[in-house]
Amino acid sequence: MIRETLYTMKSLHRDDFKIEGFRFGSGEKTMAIVGSMRGDEIQQLYICSQMVAQLKELESQGDLDPNKSILIIPSCNPYSMNVSKRFWAMDNTDINRMFPGYDQGETTQRIAAAIFKQLEGYQYGAQMASSYIPGSYVPHVRMLKTGYENIEAAKMFGFPYISVSTPAPFDTALLNYNWQVWGTSAFSIYAGQTNNIDKKNALLTQQCFIRFLKRIGVIRKPVKNVGYDSLLLDEDNLVRISAKKAGLFTAQYGAGDYVDEGATIAIITDPNDGSVLEEVKATTSGYIFFAYNKPLVFQHSLIFTII
Amino acid sequence: MIKTIISSELPIGEQFLVRKNVLSNGNGGKRICVVTGTHGDELEGQMVCYEVSRIIQENIELLDGTVEIYPALNPLGIDSLQRGFPNFDLDMNRIFPGNPKGTMVEQAAYRITEDLKGADMVIDIHSSNLYLRECPQVRINVMHEDWLVPYAKMLNVDFIWVHDAATVLEATLAYSLNSTGTPCLVVELGVGQRINDRMCANLTNGVFNLLRNMGVWKGVEDALPSKPIVCKGDKVDFLNAANSGVFLTEQKTGTVVEKGQKIGAIVDPLSGTVLSEVISPCLGYLFTIRAYPIVYEGSLMARIYKFDEKEKSTGGRDL
């Protein structure tokens, strides 16, 4: 393993901004894994750090193919993480809306360009992603429908689900979108949480990475986990449930739970007198794919999607 | 007449409201909309909306048609000093035309778009953000250049920037309206979180000039509108910071700068040294200057419209 500083930038009064990477093997650029791009992507950072530890162990035992190159970047944005801001703290721009970047452009465009330069040319790329809608997800692989999405490759993770979605105009500046367009089989990995460490889903995600790396020939020793026969979902076909009322939100079920049609899955109460404003009912039977997880809910907010 | 176009519940005893003031008179059938406040840190439009509303109501007999004023598309952002839409981590001007089945903010964007559709003109007023100071300007996607530049020239601004098409901009309010046949002009002026009285007064005159030219206002013009520079093609130099530091400048927007002229300097207060001097790479019209002094490598400090040979004598304007 080689620990390498991939990018540095001076700050006026802070220590230098640094993006660190961990390289395993050499030769064929096989897989890159990117952790937190936003300052609140703690689960994403945690999983990458655990993957570095695991691959380091495998490498020391001679169980990694030295001719296949792996790059892991646990955090692309330590500055925002250290001040608890989701986006670039100076101007609130999102590095993950700046790809492929521009090395003569604005600060986050330059950071994106530097990251993309490191990530170009890998056969497979995985980014630990998060959504702007607060909530938890069933662990899954997500891909944008660019015409280049590689669903067969995504199945090698053995996640319970693979979802595909139609890109919106602002998605064209995402890493995932640009990675795909530039020839990498790119995956966004949703590992349940964003702001917290969820060890159960982190472990499941690590196992999926190990399985994938075995199947593409990076890991040489037998891997003893079988994984799922992933179900392919089109996000346009998920059943969406929105809050009819605003108020205090308490969920009865979470992501991954099975619910029957008509079951009460959440309750919205009046924040002042505690009266029940809405009993949120499952409008179909199935597994909950996404569950809102904030205590205050706005009218019309998306609170569940069900498979 | 004040109308509420969106009313949606917030969690604790409050409605999220988007309202407009509908001013009508005479038999004219045209509808002109003035909208602002998509970004909560942009306040110049507040004064322009106030002035347009006040002047029309004090001279209602001069109106022949309908003017609708939407002073706050993102009222929660304006009230809480947030550029984006609070609680959603979203730039509201990246989610148009919205989605009737989406989140609260996506539904709001949808209803705003539907409400504006069919207008004879929409003027979407933006300030700059906290970081940059802009001369009064209209920005037009190159796809709509022929259609919209003649209207933009009526708005009494100093600069019209016909910019390249960019996929991410397809989610703006202006793109959503223009691509469905409702003309929309995007105005940028001033700096975030502040109001520049003179710029707002000039734009207010521009709005009435446009109303007059479209047959909606019968008042006489106060003064001839300015002749703006029309910038087309790749004629803008972007000056990005070479170092992180404090950017010091005395430069104003709307000025002509010489090639080699010093625009400012980036300094380090700890060491007491100049890290780099910021020099104009061309003769041209400086239409953007950084207002917030702290910079990182890459931070935008200025934008300059490059003069060609002919423009050296005309200052870039049609004489």
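The rules we used
One numbering rule holds for all chains: residues counted from 1, following each sequence as written. Just so you know, chain letters begin at A and ligand numbers begin at 1, following the order they were written in. Two thresholds apply to this predicted model, a pLDDT of at least 70 for residue-level local features and 80 or more for giving and counting side-chain atom pairs, whereas whole-chain, interface and lining totals are computed over all residues. Only hydrogens and water are removed before side-chain values are computed, so all heavy atoms of the structure are retained for them. Two residues qualify as a contact provided that any one of their heavy atoms is within 4.5 Å of a heavy atom in the partner residue. Joining two parts hides part of their accessible area as seen by a 1.4 Å probe, and the buried area is that hidden amount summed over both. When a carboxyl oxygen of Asp or Glu is within 4 Å of a side-chain nitrogen of Lys or Arg, the pair counts as a salt bridge. Counting of polar contacts relies on pairs of N or O atoms within 3.5 Å, with two restrictions inside protein: one atom must be capable of donating a hydrogen and the other of accepting it, and residues adjacent in sequence are counted only when both atoms are side-chain atoms. A helix here means a DSSP run of H or I that spans at least four residues, while a strand means a run of E at least two residues long, and both kinds are numbered starting from the N terminus. Residue type decides the class: Asp, Glu, Lys and Arg count as charged, Ala, Val, Leu, Ile, Met, Phe, Trp, Tyr, Cys and Pro as nonpolar, and the leftover types, Gly among them, as polar. Type-normalised accessible area, obtained with a 1.4 Å probe on protein chains alone, sets the label of each residue: buried when under 20%, exposed when over 50%, and partly exposed for intermediate values. At least two DSSP bridges between two strands are required for those strands to pair. What marks off one domain from the next here is an automatic or database domain assignment. Nine residue types can take part in a nonpolar core, namely buried Ala, Val, Leu, Ile, Met, Phe, Trp, Tyr and Cys, and a core is a set of them joined through side-chain atoms within 4.5 Å.

**Q** Help me out: how do you make sense of the interface of chain B and chain A in this one?
**A** In many reports, interface size means the accessible area that the parts give up when they come together. With 39 residues of chain B at the interface, the matching set in chain A holds 35 residues. Here chain B packs against chain A, burying approximately 3,200 Å² in sum over the two surfaces, 61% of which is carbon and sulfur. Together, Glu-9, Pro-11 and Tyr-296 of chain B form the three largest contributors to the area buried by chain B at its contact with chain A, with a combined 23%. For Lys-245 of chain A, the salt bridge identified is with Glu-9 of chain B, shortest N-O distance 2.8 Å. Summed over the shared surface of chain B and chain A, the number is ten residue pairs in polar contact (both at pLDDT 80 or more). At the level of elements, strand S1 (2-10), helix H3 (104-116), strand S11 (245-248) and strand S13 (262-268) of chain B are the ones that each hand at least two residues to the side of chain B that touches chain A. Along the lines of polarity and charge, the residues of the side of chain B that touches chain A split into 18 nonpolar, twelve polar and nine charged.

**Q** Is there a simple way to think about the pairing of strand S3 (residues 31-36) of chain B in this case?
**A** Note on strand geometry: in a regular strand, side chains alternate between the two faces of the sheet. Residues and elements named next belong to chain B. Of all the six residues making up S3, six are buried; the element is thus mostly covered by neighbouring parts of the structure. A two-sided burial pattern is seen for S3, the buried positions comprising Arg-31, Cys-33 and Val-35 on one face and Ile-32, Val-34 and Thr-36 on the other. Across five bridges, S3 lies against strand S4 (residues 65-70) in parallel orientation. Paired with Val-34 across the bridge in S4 is Ile-69.

**Q** Would you explain the domain arrangement of chain B in this entry?
**A** Residue and element names in this part refer to chain B. According to the domain assignment, chain B contains domain 1 (2-230) and domain 2 (234-314). Listed as interface residues are 15 residues of domain 1 and, on the opposing side, 15 residues of domain 2. Note on domain 1 versus domain 2: buried area summed over both sides is about 1,200 Å², and carbon and sulfur give 68% of it. If you sort the residues of domain 1 by the area they bury against domain 2, Tyr-131, Arg-133 and Trp-161 come out on top, with a joint share of 38%. For the pair domain 1 and domain 2, the number of links is one salt bridge. Glu-134 is the salt-bridge partner of Arg-303, the closest N and O atoms lying 2.6 Å from each other. Between the two partners, domain 1 and domain 2, sit six residue pairs in polar contact (both at pLDDT 80 or more). Looking at the side of domain 1 that touches domain 2, the elements that each hand over two or more residues are strand S6 (132-141), strand S7 (159-163) and strand S9 (229-231). Of the residues forming the side of domain 1 that touches domain 2, the biggest block, six residues, is contributed by S6.

**Q** Teacher, can you tell me more about the nonpolar core here?
**A** Burial of nonpolar side chains together is a common tendency in soluble globular proteins. Of all hydrophobic cores here, the largest spans 39 residues; its most connected members are Met-31, Phe-157, Phe-187 and Phe-209 of chain A. Val-34, Val-67, Val-162 and Val-216 of chain B belong to the second largest nonpolar core, which has 38 residues in total.

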